[in-house]
Amino acid sequence: MSAEPETVAAPPPPAGPRRGWPALRPLLLRLHFYAGVFVAPFLLVAAFSGLLYAGSFQAERIVYAEQLRVPAGEAELPLTEQIAAARAAHPEGELSAVRPSPESGATTRVLLSGVEGIAADHTLAVFVDPYTGEVRGALEQYGSTGALPLRTWIDKFHRDLHLGETGRLYGELAASWLGVIAVAGLALWFTRRRSARTVRGTTGRRRVLGLHGTVGAWCAVGLIFLSATGLTWSTYAGQNITELRTSLGQETPVVDAGAAGGGDEHAEHGQHGEHGQHGQGPGAGGHQHDHGTDGATPGGVNLDIVLAAARSQGLTNPVEILPPADAASAYVVRQIQRSWPEKQDAVAVDPSTGAVTDVVRFADYPVLAKLSRWGIDLHTGVLFGLPNQILLAALALSVIVLIVWGYRMWWLRGRGTAFGRPLPRGAWRQVPPAIGVPLIAVTVLVGWFVPLLGISLLAFLVIDIALGAVRRHRAGRRATAGADPG
């Protein structure tokens, strides 16, 4: 009886190409890894300066308490008398704007532009006791939120490291990559096995990875929000956002200040004002006006009449009064409350009659204009006051801790071999065309809209490809040398 032939197990079929998330995960992992390694220093500076800015509002109230607060009195002096007191103490420059005392015990700010020693886009703020007319001091002021020297310095440090336009590119680069890193990290974390996310009972790199992923997942939405809103006042991406809003008819409405002033004189000037503010506005400095020092125009209507006209239209405190830019322009009174609920109504007042000639209501703003205003004010910590600032401080601290943990994981990954052993190349080859082609198209579109992101990503790819080619060349030479019997 013949023996049965031995059964031989068939070899397993070759693995097919990865599809869906398994094909994308290695690519996102490599992107998150390299972006974290090389962009983290920029993010670290942005997070540290952002942490300082989150506390600057409270610090400002303490440092400048002498100028900002006075004992509450029974009745305030007419605004023209307060302005006259400020001009008697500081006759230099021109009256640029007036911010009447917004609440009991707060000083009135008389803003002067063109003052020697004060930057052209800043003003000299003269602080007047509204009850006695006493001048409590004068400080340089910047931006539409009325930042004083301490907050101005921190703001510029966060925005451009006090390096001007060159420094602004750092901020745009950091904001561009923050969102990408957060999205990639969030996707990587939630697609890990639940058991792999556990922190309790783990040690070493596994523990650091768990902490990094857990904290990153909790604050990812906030980081994506900071990235998106930070780009709105950046140099290149900010300009693209402005053009997009314009093309969609979603610009911020501007009160008509007359034939000569009609719009631009009292608009939000440009997109690069104080951190968190789209432009300066004339109240921030740089504009000079042809009028007397007592708040009266040649037409004879003084600021008390102008303020009363604005009050009749429902403009409650805090407000800012902007004198006419020229003889053909009107006064502009606008609300300047950035905290919730926002007060952004504005009116134009005829300088000869005191009649209201135009009204713009925040309620009538286009959707994108409102979202932009809310987003920026939330980003800068003014929308919800102290709770908002605490949240921003927590996000900034989270970014700092995430970066430290990220570098720690990089170190632990290379232990026993080489410092910071990188992830293997070739992840993009695993992505099928059905996913890769749309992904490339989206990447190109985002890179065009956010140029610094696109340029830096392209630089990463070029360097990575070049390094890979060099290593393959060296490996080929070693293989050839090893095969050569001579």
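None of these values were measured; they are calculated from a predicted model. (Residues numbered from 1 in each chain as written. Predicted model: local features only at pLDDT ≥ 70, side-chain atom pairs only at ≥ 80, totals over all residues. Heavy atoms only, no water.)

**Considerations on the overall build of the chain**
Then step 1. Regarding its fold elements, the chain presents 12 helices and 8 strands.
Then step 2. In the chain, which comprises 486 residues, the share counted as buried stands at 47%.
Then step 3. In the structure as shown, the chain presents an accessible area of about 24100 Å², 64% of it carried by carbon and sulfur atoms. (Helix = DSSP H or I, 4+ residues; strand = E, 2+ residues; numbered from the N terminus. Buried < 20%, exposed > 50% of the residue type's maximum accessible area, 1.4 Å probe, protein only. Areas by Shrake-Rupley, 256 points an atom, 1.4 Å probe, with all protein chains shown as cover.)

**Structural notes on unusual backbone geometry**
Then step 1. With an omega of 0°, the peptide bond between N317 and P318 qualifies as cis.
Then step 2. Topologically, P318 is positioned in the loop between α8 (303-312) and β5 (319-322).
Then step 3. You will see that L161, though not glycine, has its phi angle at about 55°, which is positive.
Then step 4. Structurally, L161 is set in the loop between α4 (149-160) and α5 (165-190).
Then step 5. A residue is classified by how much of its surface remains accessible, and L161, at 26% relative accessible area, is partly exposed.
Then step 6. Located in the positive-phi region is H162, a residue other than glycine, with phi close to 60°.

**Section: the confidence of the model for the chain**
In regions of low pLDDT, the predicted coordinates are not meant to be interpreted in detail.
Then step 1. Summarising the model, the chain shows a mean pLDDT of 85, and 82% of its residues fall at 70 or more.
Then step 2. Under a pLDDT of 50 for its full length, residues 1-16 has, in the predicted model, 0 contacts with residues more than four places off or in other chains. (pLDDT = per-residue confidence, 0-100. Contact = heavy atoms within 4.5 Å.)

**A look at the packing of aromatic side chains**
Then step 1. Under the counting rule described, the total for this entry stands at 13 aromatic pairs.
Then step 2. For the ring pair Y53 and F57, a centre distance of 5.5 Å and an interplane angle of 80° mean the geometry is edge-to-face. Of this pair, Y53 and F57 both sit in helix α1 (residues 21-63), 4 residues apart, which is roughly one turn of that helix. One exposure class covers both Y53 and F57, and it is buried.
Then step 3. Put simply, the rings of F33, Y34, F38, W177, Y407, W410 and F460 pair up and form one aromatic cluster.
Then step 4. The ring of F362 has K370 lying over it, and the distance from NZ or CZ to the ring centre is 6.0 Å. (Phe/Tyr/Trp six-rings, centres within 6.5 Å; stacked < 30°, edge-to-face > 60°. Lys NZ or Arg CZ within 6 Å of the ring centre and 35° of its normal.)

**Here's the deal with the nonpolar core**
The nonpolar side chains of a soluble globular protein tend to be buried, and buried together.
Then step 1. Judged by nonpolar contacts, the single largest core of 29 residues is most densely connected at L43, W177, I181 and L223.
Then step 2. Among the elements of the structure, α1, α5, α6 (204-231), α10 (385-413) and α12 (451-483) are those that each provide at least two residues to this core.
Then step 3. With 8 residues, α5 is the single largest residue contributor to this core.
Then step 4. Setting aside residues up to four positions removed in sequence, L43 forms contacts with A174, L178, I181, V399 and I403. (Core = buried A, V, L, I, M, F, W, Y, C linked by side-chain atoms within 4.5 Å.)

**Some thoughts on the pattern of salt bridges**
Then step 1. Per the counting criterion, the structure on display carries 11 salt bridges.
Then step 2. Here E320 makes a salt bridge to R99, at a shortest N to O gap of 2.8 Å. Of this pair, E320 sits in strand β5 while R99 sits in strand β1 (residues 94-99); the two residues are 221 residues apart in sequence, bridging distant segments of the chain.
Then step 3. For R99, a relative accessible area of 9% puts it in the buried group.
Then step 4. If you follow the salt bridges from partner to partner, you end up with E66, E134 and R136 in one network. (Salt bridge = Lys/Arg side-chain N within 4 Å of Asp/Glu carboxyl O.)

**Some thoughts on a nonpolar patch on the surface**
Then step 1. A cluster of nonpolar side chains, contributed by L244, L248, V367, L368 and L371, occupies part of the molecular surface with about 430 Å² of accessible area.
Then step 2. Sorting elements by how many residues they give to the nonpolar patch places helix α9 (residues 367-379) first, with 3 residues.
Then step 3. Its place among the elements puts L371 in helix α9. (Patch = residues over 30% accessible without salt bridge, like charges linked within 9 Å, V, L, I, M, F, W, Y side chains within 5 Å.)

**Brief notes about α8**
Each full turn of the α-helix corresponds to 3.6 residues, which orients residues three or four apart in the same direction.
Then step 1. Of the positions making up α8, those classed as buried are L303, V306, L307, A309 and A310. All buried residues of α8 fall inside an arc of 155° around its axis, so they share one side.
Then step 2. Of the surrounding secondary structure, the elements contacted by the buried residues of α8 are α3 (79-89), β1, β5, β6 (331-335), β7 (346-349) and β8 (356-360).
Then step 3. Backbone geometry just after α8 places G314 at a positive phi near 90°. (Arc of directions from axis to C-beta.)

**Topic: a positive patch on the surface**
Then step 1. There is a patch of like positive charges on the surface, built from R471, R474, R477 and R478.
Then step 2. With respect to the helices and strands, the residue R471 is situated in helix α12. (Lys, Arg positive; Asp, Glu negative; His and termini not counted. Charge placed at Lys NZ, Arg CZ, Asp CG, Glu CD.)

**Notes on the environment of G146**
Then step 1. The residue G146 is located in the loop between β4 (135-141) and α4 in this model.
Then step 2. Separated by 47 residues in sequence, G146 and R99 have C-alpha atoms that sit 9.7 Å apart.

**A short note on the packing of α3 against α8**
Then step 1. Interaxial distance between α3 and α8 falls to 7 Å at its minimum, and their mutual angle equals 135°. In this view, α3 runs oblique relative to α8, as classed from their interaxial angle. Contacts from L79, T80 and I83 in α3 reach L303, D304 and L307 in α8.
Then step 2. For the contact of α3 with α8, the class distribution of residues is 4 nonpolar, 1 polar and 1 charged. (Axes fitted to C-alpha atoms, helices over the stretch in contact; angles between N-to-C directions. Parallel < 35°, antiparallel > 145°, perpendicular 65-115°, else oblique. Nonpolar A, V, L, I, M, F, W, Y, C, P; charged D, E, K, R; others polar.)

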